[in-house]
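# Tertiary structure, described
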Amino acid sequence: MTDSQIVNPAFTAVAARRNFVKAEPTPTLAPKSASAVRTSSDAERAKREWPNSVRAYVQRAFAIENRVEGISREEMEIKLKVVISRAVESNTLYSVDWTNLPLPQHMILNERTKATQMHQNPPWGTSVAPLNLRETNLNSTDVYSRKRKSPEQDLHHNTQDKIPPWRVATNNHNVFEDRVSHPDKRQRNDTPRKGLSKSQNEKANRKKRFEDSPPVSMPRQPFMPSKVNTHQPDHNQGPVIGRCQELEKRYFRLTSAPNPDTVRPLPVLEKTLDLLKKKWKKESNYSYICDQFKSLRQDLTVQHIKTEFTVDVYEIHARIALEKGDLGEYNQCQTQLRALHSQHLGGHPEEFKAYRILYLLHTCNRTDMNDVLAEITPKEKQNPAVKHALESRSALALGNYHRFFRLYLDTPNMGAYLMDMFIGRERLAALSNICISYKPDLKLRFLTEELGFESDDESARFICDHGGQSFLEEREGEVRLLTGKALRFFEPARDAAFKKVDIKGQI
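Along each chain, residue indices are assigned from 1 in the same order as the chain's sequence is written. Confidence filtering applies because this is a predicted model: local features only for residues at pLDDT of at least 70, side-chain atom pairs given and counted only at 80 or more, and all residues used for totals across whole chains, interfaces and linings. Each side-chain value is worked out from all heavy atoms of the structure, with water and hydrogens disregarded.

### Section: empty space enclosed by the protein
- The distinction between a cavity and a pocket rests on a 1 Å grid over the protein atoms alone: a 1.4 Å probe fits inside a cavity but cannot get out, while a pocket stays open yet meets protein on both sides within 12 Å along at least five of seven lines, and a residue with an atom within 4 Å of a point counts as lining. Grid points are joined across faces, edges and corners, and a volume is the space filled by probe spheres set on the points. Tallied over the entire structure, the rule returns one cavity of 30 Å³ or more.
- Reported here for the largest cavity is a volume of approximately 40 Å³.
- Considering the residues around the largest cavity, the lining is formed by Ala354, Tyr355, Leu358, Ala385, His388, Ala389, Thr411, Pro412, Asn413 and Gly415.
- For helices the rule is a DSSP run of H or I covering at least 4 residues; for strands it is a run of E covering at least 2, with both sets numbered from the N terminus onward. When residues of the lining of the largest cavity are traced back to their parent elements, those giving at least two are α14 (349-363) and α17 (384-398).

### Digging into the sheet that holds strand β2 (residues 472-475)
- Spatial ordering of the open sheet is given by β1-β3-β2, a layout of three strands whose pairing is antiparallel. In this open sheet, the two edge strands, each paired with only one partner strand, are β1 (442-443) and β2.
- Note: two strands are recorded as paired if DSSP finds a minimum of 2 bridges between them. As paired elements, β1 and strand β3 (residues 478-481) share two bridges and run antiparallel to each other. Directly across from Leu442, in β3, lies its bridge partner Leu481.

### A word on the pairing of β2
- Note that β2 and β3 share four bridges and pair antiparallel. Its bridge partner lying in β3, Glu473 is registered against Arg480.
- In sequence, β2 turns back onto β3 through a hairpin of two residues, with Glu476 there showing a positive phi of about 55°.

### Some words on α17
- To estimate how far a helix should extend, the number of its residues minus one is multiplied by 1.5 Å. Taking 1.5 Å per residue, 15 residues should reach 21 Å; α17 reaches 21 Å between its end C-alpha atoms and fits that length.
- In this scheme, a residue with accessible area under 20% of its type's maximum is buried, one over 50% is exposed, and one in between is partly exposed, where area comes from a 1.4 Å probe on protein chains only. Residues of α17 that are buried include every one of Ala385, Val386, His388, Ala389, Leu390, Ser392 and Ala395, and no others.
- Any two residues having at least one pair of non-hydrogen atoms within 4.5 Å are treated as being in contact. In the core, the buried residues of α17 are packed alongside α14, α15 (366-375), α16 (378-381), α18 (401-408) and α19 (415-419).
- Residue Gly399 follows α17 closely and has a positive phi angle near 75°.

### So, the packing of helix α11 (residues 286-302) against helix α12 (residues 308-323)
- For the pair α11 and α12, the least separation of the axes is 11 Å and the interaxial angle reads 155°. One finds that α11 runs roughly antiparallel with respect to α12. The way α11 lies across α12 gives a crossing that is left-handed. In this structure, α11 contributes Tyr286, Ile289, Cys290, Phe293, Lys294, Leu296, Arg297, Leu300 and Thr301 to the contact, and α12 contributes Phe309, Thr310, Val313, Tyr314, Ile316, His317, Ile320 and Ala321.
- A breakdown of the residues in the contact of α11 with α12 according to their chemical character gives 12 nonpolar, three polar and two charged. Whenever a helix is involved, its axis is fitted only over the stretch in contact; in every case the axis is a line through C-alpha atoms, and angles between N-to-C directions fall within 0 to 180 degrees. Roughly parallel means an angle under 35 degrees; roughly antiparallel, over 145; roughly perpendicular, 65 to 115; everything else is oblique. What makes a crossing left-handed is the near helix being turned counterclockwise from the far one by less than a right angle; a clockwise turn instead makes it right-handed. By the convention adopted, Pro, Cys, Tyr, Trp, Phe, Met, Ile, Leu, Val and Ala count as nonpolar, Lys, Arg, Asp and Glu as charged, and the other residues, Gly among them, as polar.

Structure (structure tokens):
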């Protein structure tokens, strides 16, 4: 390839279209004369030529050994621009002693020192008494509100020359060093770091920008506590000691500090618990019992009572909530019981750890399930309730529905109440797998035994409740399920059952 081919390419550069409007024909420009090109290049070179003393001054300003903590790079660039611009405007660019001229960071530091001294010793005197923190905030709020409501002429009453220079915000970002000293742009602080992604580089740049920003220097004033509300006692100094002697009290959510006259002490609370247990066995009024137990828990909380009695109250309330299917109240009790059991205050921690595993199976919360599995000790794994819950989790994880429904029929304590909340969902999943494996039909008795139903009527009712009555057929004195046809119906029902789970369990 010859030199002429390199200088004059065999194509014509055309600008890309940016819209759908018909482009106007570009007029052909006459080529510039050599003198005009030479004149423009000389003017551009003259703009970029700076005295060596100015170049050295800029390089000393950005040297690492001359860096002053608290003064950012942007402030130095702005100050440099002001200093050099003034020299250019006054035609003193070559007469200024740039070697002995203070660096821009030192100028900024001196201005801040003078401003601080002026603020601490104002020209109008220091006879004004110092305000406390609350009064200062109130006064500043009133001033700002008056400024917003004042007419336009009042806004311009104070001229801009009264605004101190360190209060004037500027967003001018002029990298003056690039134009004067021609540094290598690859050495700038915002250069992408190797081994980091784009988002990580952006985070690092933002962090450095905040580190380089100058700290706002505020004069320290002696803190004086507000005299308002000094007569009110500090309720955080210690627990409340109750004086109420009533056994029954309705629950009210606290909106202020508790009143000792409406809080029952521990001996009264013990009698209240005995009364509530008798009423629950006799009346089984859950609305009343739940309200009384919440009031009982509230009195324990405001008095900071954390004993074996506290554990007993939360465990009884959790069992009653399980029996009535109120997962919202059970979840609140379960959260407090985890903290109480960790303090070894008694109770039945293994029983409620098993309940927690079954609860996490219901909510499909794999993250918390992993945390619970990591916390279980070898001794707890030997407990029958915990062992049953772990085996149930393993059966579901492996898809062994035969083993899972056998465990469901042999659930210890009150775990069956929790399993009842998600057993229908698991039955739909197992029924879909059975329809895939057994075709074209299947005895209803087989489903009763495999899915943990107590009778054929219960299994037939489960299929009919989910709209599958058309797939049941009586043949030769037996009821059979047409699995080949029912598959396309039970798979969407299974997906819908797993689609949404109420984690809080509110009813």
